[in-house]
Amino acid sequence: ISLVRVKSFSYMPLRTSAVAVVVNKDGKILLCKQVDSVTKKFYPDKPGMVDWQFPQGGLELEEEVVPGATRELQEETGIASVKVLGIAKYEKRYEWQNALRPFTTSHYKARGGHLRTVFFKFIGDESEVKLDQKELVDHQWVDAAEVLNIMPPVRHEHATAVLAELAEIQVN
């Protein structure tokens, strides 16, 4: 049955998601903690993993990356007071271990993901942050040097690449 799953999922497209890397007035970066049930669904092979991540979510059909990242940021965090700093050149593509996915109850009709990242400057104040509590339950603003110490290793490749690009942008 695993071979059937692999073959069935292999014909599906990648799900494109917009990632919001948000920098506040102090130069710190927003990380959000995923609810445990979401983490368990995406990482069943990593029990106990705590998933701190940049806010992100799937793009709607034909939605462009900047409006999509802006929408996801507002839906998940309440943050609307932002200025777009740019779009990352780096795009991460990955495929899920489809042989392990449920065949009939899979939530996403995709074989994996395609992450596109937008950089934002947060120009509001902390009272604007109101997490949706369905996907994200906590947040923190951290120095760029601390991001990899907080995020799980599965997110390091993407974070390393986009933080290197962010370092080249004038954030003022």
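Residues numbered from 1 in each chain as written. Predicted model: local features only at pLDDT ≥ 70, side-chain atom pairs only at ≥ 80, totals over all residues. Heavy atoms only, no water.

> Outline the overall build of the protein chain, supporting the account with residue identities and numerical values.
Within the protein chain one finds five helices and eight strands. What you see in the protein chain, going N to C, is helices and strands ordered as α-β-β-α-β-β-α-β-β-β-β-α-α. Looking at the 172 residues of the protein chain, the share that counts as buried comes to 44%. Taking as baseline every contact in the protein chain between residues at least 6 positions apart, the subset at least 24 positions apart corresponds to 76%. Total accessible area on the protein chain stands at roughly 9400 Å², and carbon and sulfur atoms take up 54% of it. (Helix = DSSP H or I, 4+ residues; strand = E, 2+ residues; numbered from the N terminus. Buried < 20%, exposed > 50% of the residue type's maximum accessible area, 1.4 Å probe, protein only. Contact = heavy atoms within 4.5 Å. Areas by Shrake-Rupley, 256 points an atom, 1.4 Å probe, with all protein chains shown as cover.)

> Pulling in residues and values, what's your account of the environment of Arg-93?
Its place among the elements puts Arg-93 in strand 6 (residues 92-95). Beyond its immediate sequence surroundings of up to four residues, Arg-93 is in contact with Leu-14, Gly-113 and His-114. Within the local environment of Arg-93, its side chain forms a polar contact with the side chain of His-114, the two groups lying 3.3 Å apart. (Polar contact = N/O pair within 3.5 Å; in protein donor to acceptor, adjacent residues only side chain to side chain.)

> Hey, could you go over unusual backbone geometry for me, with residue numbers and the actual values?
With a phi close to 65°, Glu-62 is a non-glycine residue in the positive phi region. Mapped onto the elements, Glu-62 comes out in the loop between strand 4 (56-58) and helix 3 (65-77). Taking relative accessible area as the criterion, Glu-62 reaches 74% and is therefore assigned exposed. Positive phi outside glycine occurs at Gln-133, with the angle close to 65°. Tracing the backbone through its elements, the reader meets Gln-133 in the loop between strand 7 (112-122) and strand 8 (136-142).

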